[in-house]
Amino acid sequence: MTITALPISAHPAVAGGLQLEVTKVAVQTESIVSITLADPAGRKLPSYVPGSHLVVQYGSGVNAYSLTGSGNGPSDYTISVLRVEDGAGGSVAMHRLSAGDRVQVSRPRSAFAPASTATHHLLVAAGIGITPILSHARAAVERGTQASLIYVHRPAAGAHLAEAKELLGSGLTALIECTDRGSFEKVLTESLTTQSLGTHLYVCGPTAFMDAVLDQARELGWTSARLHSEAFGAAELDDGEPFAVNLVRSGLRLEVPAGVSLLETLERAGKSIPNMCRKGICGDCVLPVLRGTPLHRDLYLTDEEKAANTAMMCCVSRSVDPELELDL
Ligand code: FES
């Protein structure tokens, strides 16, 4: 069965990407499958930075999924997909894939890279958030960098547990599983208070979970340069804080309320902004930033592009500062 039926025209988010074949589907939990993709002709695939994701086309839509490998000279790509029954249909379509199906994907994109200067990686994952975290764990082990993993999951519902145990179960590294809130809070506090300054923290999971972990780290004195996180995508994003934008070329000032995207605000003001996915994936809605610091929440811009703060995806990203100045 070829659910994507090789789209006649590729979605812009996967244009210039790869057409791959499903070589394996493995059930991880009741609601999570991992899907392995390879070049149909057996060619090597492009390497990628640990923590990268692929954009996968399903029908006319796209979704972004994190890769689980280390990214070093891969012969295949593995992603894991949580089935979301009331979503836009992407995860359900992905769960229907079987070996031999073809899919159109982007080249891997990095938005959650490891810090090259870290002496230890403290990895914290909840649920499906294990996927990019596993990529970081593999890369750390391959490179001989210390890593430890705190993995929060429902009892008997941990994905990729065997791999994580094999990677981190002994020696200088460690895996701690938490299946209840109390034990997680205790383990996290202990980990955050006993790490050396060379440790970097990486967290992936639901937004509220990530916010809580990052807030606690900041309260305990961790600088933002040592904190790294990856959001799942727009569906998981919170309403955000209100902010204002100055549109320099139009001479307009607009208020962006909490719960309303900058893209929606611009559209309501009569601006026509190209957009396709409205999920921070395709890159269509990019806007040039002249002043202020965007709160990047997309999966399109690379880490370097985000750090430059000269562009933002207005469908999902917001502002760190009360006001942004845009070249619009
Ligand atoms: S519309 Fe696709 S990234 Fe904003």
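Residues numbered from 1 in each chain as written. Predicted model: local features only at pLDDT ≥ 70, side-chain atom pairs only at ≥ 80, totals over all residues.

## Re the overall build of the chain
- Broken down by element type, the chain carries seven helices and 18 strands.
- Its C-alpha radius of gyration of 20 Å places the chain within 12% of the 20 Å reference for a compact globule of 328 residues.
- When its C-alpha atoms are laid out on the principal axes, the chain stretches across 60 × 50 × 35 Å.
- Looking at the chain residue by residue over its 328 residues, the buried ones come to 43%.
- Here the analysis covers contacts within the chain between residues at least 6 apart in sequence; of these, 69% occur between residues at least 24 apart. (Helix = DSSP H or I, 4+ residues; strand = E, 2+ residues; numbered from the N terminus. Rg over C-alpha atoms; globule rule 2.2 N^0.38 Å. Buried ≥ 20, exposed ≤ 12 C-beta atoms within 10 Å, placed from the backbone. Contact = placed C-beta atoms within 7 Å.)

## So, the sheet that holds strand β7 (residues 120–126)
- Across the sheet, which stays open at both edges, the five strands sit in the order β9-β8-β7-β10-β11 with parallel pairing between neighbours. Each edge of the open sheet is held by one strand with a lone partner, namely β9 (174–178) and β11 (227–230). The mean inter-strand angle of the sheet, taken between neighbouring strand axes irrespective of direction, is 15 degrees.
- Strand direction decides the pairing type here: β7 and strand β8 (residues 146–152), joined by seven bridges, are parallel. Considered in β8, the bridge of H120 is made with Q146.
- Of the strands in this sheet, β8 and β9 touch helix α3 (residues 161–168), which is tilted by about 150 degrees from β8. (Pairing = 2+ DSSP bridges. Axes fitted to C-alpha atoms, helices over the stretch in contact; angles between N-to-C directions.)

## Some thoughts on the domain arrangement of the chain
- Segmenting the chain into domains produces domain 1 (12–105), domain 2 (120–232) and domain 3 (236–326).
- Computed over C-alpha atoms, the centres of domain 2 and domain 3 are 30 Å apart. (Domains from an automatic or database assignment.)

## Here we look at the nonpolar core
- Residues A125, A137 and L149 are the most contacted members of the largest nonpolar core, which totals 83 residues.
- With six residues, helix α2 (residues 130–143) is the single largest residue contributor to this core.
- When neighbours within four sequence positions are excluded, A125 is seen to be in contact with I130, I133, L149, Y151, V152, C204 and G205. (Core = buried A, V, L, I, M, F, W, Y, C linked by C-beta atoms within 7 Å.)

## Some words on unusual backbone geometry
- Here A156, not a glycine, exhibits a phi torsion of approximately 60 degrees, which is positive.
- Its location among the elements puts A156 in the loop between β8 and α3.
- Even without glycine at this site, H160 takes up a positive phi of about 60 degrees.
- Its location among the elements puts H160 in the loop between β8 and α3.
- When the 24 C-beta atoms within 10 Å are taken as the criterion, H160 is described as buried.

## A look at the sheet that holds strand β13 (residues 252–256)
- As summarised here, the arrangement of the five strands in space is β13-β12-β18-β14-β16, forming an open sheet in which the pairing is mixed. Two strands close off the open sheet at either side, each with one partner strand: β13 and β16 (311–313). The mean inter-strand angle of the sheet, taken between neighbouring strand axes irrespective of direction, is 40 degrees.
- As judged from the three bridges shared by strand β14 (residues 286–291) and β16, these two strands associate in the antiparallel manner. Paired with P288 across the two strands is A311, which belongs to β16.

## Digging into the environment of A147
- Here A147 shows up in strand β8.
- Separated by 53 residues in the primary sequence, A147 and M94 place their C-alpha atoms 31 Å from one another.

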